[in-house]
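One letter stands for each residue in the lines below.
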Amino acid sequence: MALSRFSILSFLHIVLLVGLCSAADPSVFYNFEVSYITASPLGVPQQVIAINEKFPGPTINVTTNNNVVVNVRNKLDESLLLHWSGVQQRRSSWQDGLLGTNCPIPPKWNWTYQFQVKDQIGSFFYFPSLHMQRASGGFGSFIITNRAIIPLPFATPDGDIVILIGDWYTRNHTALRKDLDAGKNLGMPDGVLINGKGPYQYNRTLVPDGIDYETIEVHPGKTYRIRVHNVGVSTSLNFRIQNHNLLLAESEGSYTVQQNYTSLDIHVGQSYSFLVTMDQNASSDYYIVASARFVNESRWQRVTGVAILHYTNSKGKASGPLPEAPNDEYDKTFSMNQARSIRWNLSASGARPNPQGSFRYGSINVTELYVLKNKPPEMINGKRRATLSGVSFVNPSTPIRLADQFKVKGVYKLDFPPRPLTGPPRVETSIINGTFRGFVEVILQNNDTKMHSYHVSGYAVFVVGMDYGDWTENSRGTYNKWDGIARTTVQVYPGAWTAILISLDNVGVWNIRTENLDSWYLGQETYIRVVNPEATNKTELPMPDNALFCGALGKMQKPQDISSAATITNNRSNMFFTILICVLIFLFR
């Protein structure tokens, strides 16, 4: 009897789990069907992007050093890439899911990602990286748990809770794109979602009837690890739980010095883990709130996400005013001091997010300096564009990493300026020429009037300093050279700078971008190309067997369909035969 492809994948998964053809590290398998569905998170029917008919998508839950296989079927009407934000893709930028390294997955095609979550732990999320699709959904949590032999730096929680927060528009991503293409701003969001749902009706004037809200049930006296991700478009959010302390424990793969906060600002693209003890008397339910920061509160009252924390012995519904956020709309010093207070837990066991020894980052000699300066969007050649150091990035039709592999000339320029351009801005594919095993200092200078957060793929970066004004050489005197947090996404306050250090030990082509989707779409990004001159497989895995071809290499792409495009290759030519032998052993033992 013929088996479906998904059945075969599931069967092979079972074979691997029973240990008949296990590699040194286990493999975990996921099947993602990405499609449009209709949902009404703010009471207005709209098209959203779902995974396996779910909005938000399912949580990927793996363990350090697992091999992760995700078969993606694209049922959208446009091309697709999934990006695993914060997963370092050690030695394999081929799997990063960004246009600098991957050709898009065409509509009606399958493509299989395979990568190892090497030497990582922590809270991350995935999302579609093309066409502003994240503004319509397609996102979900990505959790990497410790191996059993590595202890947690805190008592094992009684449960694990994922909370996805983010600003939301009732216009879908295609409509938002058209606005940006027409030179318009996106305007104020229509609300904030918590786990894909609208606000609890805490105020009948602000929240209409019929909104479906999130309820999180907990047991009194228990302590939960609550992982919070800001998956939104461009709004910083203050997260808080009424009457409960948030004990910060981890941020994007780094255990933190454990400190209590009544609320914490979580900027676009950032993730945090809190330990929250259910120590209240449960006379009623409690509010979970995510509200917009650094905006006019009276105008943005509707842009507030409200969910319910429900004790199993609760005696009534939550009522009354929401717990207040910090009152510093015009003075962001409180928020910056809060960010500076987040420190790396140097006594925690692995997995460390950087090479062994790099926790002594303060004594490593810096080899290169880049000052990346952003400004508000401006007109370039008649079009509204966003820039980084005077360069507005345009993605090439042939991905950078693919062009290198096949020696295609003229795809990009290795001339990204180490200091901001003094002349007129330009639109081009200009990238940073990184030095393998160099130690780079990057200054993110925000000359925009709004908050930005920046993400670096392929690495955890050391956040060593931030302050208002323009960065100068003397600013280094304020750096934290001992326990600055190592993370993947860092905020840069308007009119301020943030300094990060990056150990370029991971060969590949890696994205540096603003996480604000509107500015990213308009060109505020670049890539850093890190090449080992010895060109050995020890520092970079071979190109995957199922690599897609496009642009100048489009003729190399063989026609594929849904049944043949999927693959479970792990870049070893004998993998298929190994699995086949294991299946036969399983059947005939």
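Numbers given for residues are sequential positions, taken from 1 along each chain in its written order. It should be noted that, the model being predicted, local features are given only for residues of pLDDT at least 70 and side-chain atom pairs only at 80 or more, the latter also being counted only at that level, while totals for whole chains, interfaces and linings use all residues. By convention in this description, side-chain values take in all heavy atoms of the structure and omit both hydrogens and water.

1. With respect to the sheet that holds strand S20 (residues 368–374)
Taken together, the 5 strands give an open sheet; going across it, the order is S20-S26-S31-S28-S29, and neighbouring strands pair in mixed fashion. Whereas interior strands pair on both sides, the edge strands pair on one side only; in this sheet they are S20 and strand S29 (486–487). As paired elements, strand S28 (residues 461–468) and strand S31 (residues 496–503) share 6 bridges and run antiparallel to each other. For Gly 465, the partnering residue across the bridge sits in S31 and is Ala 499. By the convention used here, residues are in contact when the closest approach between their heavy atoms is within 4.5 Å. Only the contacting stretch of a helix is used when fitting its axis, a line to C-alpha atoms as for every element, and angles between N-to-C directions run 0 to 180 degrees. Counting from the N terminus, the helices are DSSP H or I runs at least four residues long and the strands are E runs at least two residues long. Across the sheet, helix H3 (residues 333–340) touches S28 and S31, and the angle it forms with S28 is around 155 degrees. DSSP calls a pair of strands paired once it identifies at least 2 bridges connecting them.

2. Remarks on H3
Every buried residue of H3 is listed here: Ser 335, Met 336, Gln 338 and Ala 339. Along H3, the residues classed as buried sweep out an arc of 155 degrees about the axis, all on the same side. On its buried face, H3 sits against strand S15 (254–261), strand S16 (264–266), S28, strand S30 (489–492) and S31. Burial classes follow relative accessibility: with a 1.4 Å probe on protein chains only, a residue under 20% of its type's maximum area counts as buried, one over 50% as exposed, and anything between as partly exposed. This arc is built from the directions going out from the helix axis to the C-beta atoms.

3. Observations concerning the packing of aromatic side chains
Put simply, two rings from Phe, Tyr or Trp (the six-membered ring, in Trp's case) pair if the centres are within 6.5 Å, and we call them stacked under 30 degrees between planes, edge-to-face over 60, tilted for the rest. Enumeration over the complete set of coordinates arrives at 26 aromatic pairs. Between Tyr 286 and Tyr 311, the ring centres sit 5.7 Å apart and the planes meet at 55 degrees, which makes this aromatic pair tilted. With a gap of 25 residues between them, Tyr 286 in strand S18 (residues 286–292) and Tyr 311 in strand S19 (residues 304–311) connect regions that are remote in the sequence. For Tyr 286, a relative accessible area of 4% puts it in the buried group. Ring-pair connections join several aromatic residues into one group, and the members of that group are Tyr 30, Phe 32, Trp 84, Trp 111, Tyr 113, Phe 115, Tyr 126 and Phe 142.

4. Remarks on the environment of Thr 333
Relative to the helices and strands, Thr 333 resides in helix H3. With a relative accessible area of 35%, Thr 333 lands in the partly exposed category. Sequence spacing of Thr 333 and Phe 359 is 26 residues, and the spatial spacing of their C-alpha atoms is 28 Å.

5. A word on the environment of Val 306
The topology assignment puts Val 306 in strand S19. Residues Val 306 and Ile 241 lie 65 residues apart in sequence; the distance between their C-alpha atoms is 9.7 Å. What Val 306 contacts, discounting residues up to four positions off in sequence, is Ile 194, Gly 198, Pro 199, Tyr 200, Tyr 202, Tyr 213, Tyr 287, Ile 288 and Leu 322.

6. Structural notes on the side chain of Arg 487
Along the chain, the position of Arg 487 falls in strand S29. Polar side-chain contacts of Arg 487 include one of 3.1 Å to the side chain of Ser 251. Polar contacts, as counted here, are pairs of nitrogen or oxygen atoms within 3.5 Å of one another; within protein the pair requires one atom able to donate a hydrogen and one able to accept it, and residues that are adjacent in sequence qualify only if both atoms are side-chain atoms. Here the side chain of Arg 487 touches Thr 489 through a polar contact of 2.8 Å, landing on its backbone oxygen. In this structure, Arg 487 is in contact with Ser 251, Glu 252, Gln 270, Ser 271, Tyr 272, Tyr 459, Ala 460, Val 461 and Val 463, ignoring residues within four places of it in sequence.

7. Some details on the sheet that holds strand S32 (residues 508–514)
Read across the open sheet, the 5 strands follow the order S25-S33-S32-S27-S30; overall the sheet is mixed. Each edge of the open sheet carries a strand with a single partner, namely strand S25 (432–435) and S30. The mean angle between the axes of side-by-side strands here comes to 25 degrees, regardless of whether they run parallel or antiparallel. Across 6 bridges, the pairing between S32 and strand S33 (residues 525–531) is antiparallel. Across the sheet, residue Val 509 finds its bridge partner in S33, namely Arg 529.

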